[in-house]
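One-letter residues, chain by chain:
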Amino acid sequence: MSKQSKIVYFLISTIFFVLFDLFFSNLTLKSINLFPENSIMDLIYVQNSGAAFSMLQDAKIFLICFSAAAILWIVFYTIKHIAKASVFAIFWVSLLLAGIFCNMYERIVFGYVRDFFKLNFVNFPVFNISDIFINLSVFAIVVIIVRHNFKKSNETGN
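Attention here is on the structure that accompanies the text. (Residues numbered from 1 in each chain as written. Predicted model: local features only at pLDDT ≥ 70, side-chain atom pairs only at ≥ 80, totals over all residues. Heavy atoms only, no water.)

1. Focus on the nonpolar core
For clarity, the threshold we go by: The nonpolar core is taken to be a set of buried Ala, Val, Leu, Ile, Met, Phe, Trp, Tyr and Cys residues, with the residues joined through side-chain atoms within 4.5 Å. Buried, partly exposed and exposed residues are distinguished by accessible area as a fraction of the type maximum, computed with a 1.4 Å probe on protein chains only: under 20%, between the cut-offs, and over 50%, respectively. Secondary structure elements follow DSSP: runs of H or I no shorter than four residues count as helices, runs of E no shorter than two count as strands, and numbering proceeds from the N terminus. Only heavy atoms enter the contact rule, under which two residues are in contact if any of them lie within 4.5 Å.
In terms of nonpolar packing, the biggest core is built from 29 residues, with Phe-10, Ile-74, Phe-116, Phe-117 and Phe-133 touching the most fellow members. Contributions of two or more residues to this core are made by helix H1 (3–30), helix H2 (60–81), helix H3 (87–110), strand S2 (113–119) and helix H4 (129–156). Among the elements that take part in this core, H3 stands out by supplying 10 residues, more than any other. The contact partners of Ile-74, leaving out residues within four places of it in the chain, are Val-93, Leu-96, Leu-97 and Ile-100.

Quick look at the structure:
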């Protein structure tokens, strides 16, 4: 795949994930009372003015600036190295970018992040679709980097 095609794929994937996140978050929150309680997961509405696990409560400006800086760094780094990146890696970076962007968008628009998934089988903070995107993509990117470094070290005989 050419560099230009990868850039287009990166942009379209990111836009798709952002729209997916915003649409399904709004849909879930509008119909939150329609979901019955169960033993695995409940849908509740929580306004999170902090970051992961409610850290940095009421640090909205810092979190927005940090998110904006992360987004800019990810975009520039990805575009600079996109020729060497696999489509698989670009997919996960797009998912990460969308998750960061959507949480930042909610902080700007609402003043907080709207969380709504509550796991009942474990004591875990309430989270949203953006959080799922961020966690899955970070895990996948770490696996990709580790695999790449493992292959690289095996090729050089180290």
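Having seen the model, we can carry on.
2. As for the pairing of S2
The line we're drawing: Whether two strands pair depends on DSSP finding at least two bridges between them.
Burial runs high along S2: 6 of the 7 residues are buried. Two elements, strand S1 (residues 41–48) and S2, share 6 bridges in a ladder whose sense is antiparallel. Counterpart to Asn-48 in the pairing with S2 is Val-113.

3. A look at H2
We apply this condition: Expected helix span is taken as 1.5 Å per residue step, with the number of steps being one fewer than the number of residues. Working note: the arc is built from the helix axis to C-beta atom directions.
Look at H2: 31 Å from first C-alpha to last across 22 residues, which is about the 32 Å you get at 1.5 Å a residue. Of the positions making up H2, those classed as buried are Leu-63, Ile-64, Ser-67, Ile-71, Ile-74 and Thr-78. Buried residues of H2, seen end-on, are gathered within an arc of 100 degrees and therefore sit on one face of the element. Turned more than 90 degrees from where H2 packs its buried face, Ile-61, Phe-66, Trp-73, Phe-76 and Lys-80 sit exposed. Of the surrounding elements, those touching the buried residues of H2 are H1 and H3.

4. Quick word on the side chain of Glu-106
For the record, the criterion: Distance and chemistry together define a polar contact, namely a pair of N or O atoms within 3.5 Å, with one atom able to donate a hydrogen and the other to accept it when in protein, and with adjacent residues in sequence counting only for side-chain atoms on both sides.
Of note, Glu-106 is situated in helix H3. Glu-106 gets classed as buried once you look at its relative accessible area, which sits at 1%. From its side chain, Glu-106 meets the backbone nitrogen of Arg-114 in a polar contact 2.7 Å long. Residues within four places of Glu-106 in sequence aside, it is in contact with Gly-111, Tyr-112, Val-113, Arg-114 and Asn-128.

5. Quick word on the packing of H1 against H2
Heads up, the condition is: To define axes, lines are fitted to C-alpha atoms, for helices over the stretch in contact only, and angles between the resulting N-to-C directions are given on a 0 to 180 degree scale. For classification purposes, angles smaller than 35 degrees are called roughly parallel, those larger than 145 roughly antiparallel, those between 65 and 115 roughly perpendicular, and all remaining angles oblique. By convention, the crossing between two helices is left-handed when the near helix turns anticlockwise from the far helix through less than a right angle, and right-handed when the turn is clockwise.
Packing of H1 against H2 brings their axes to within 10 Å, and their N-to-C directions diverge by 155 degrees. When the axes of H1 and H2 are compared, the pair comes out roughly antiparallel. Like other packed secondary-structure pairs, H1 and H2 cross with a definite hand, here right-handed. Across the interface between the two elements, Lys-3, Ile-7 and Phe-10 of H1 pack against Val-75, Thr-78 and Ile-79 of H2.

That is the geometry; function is a separate question.
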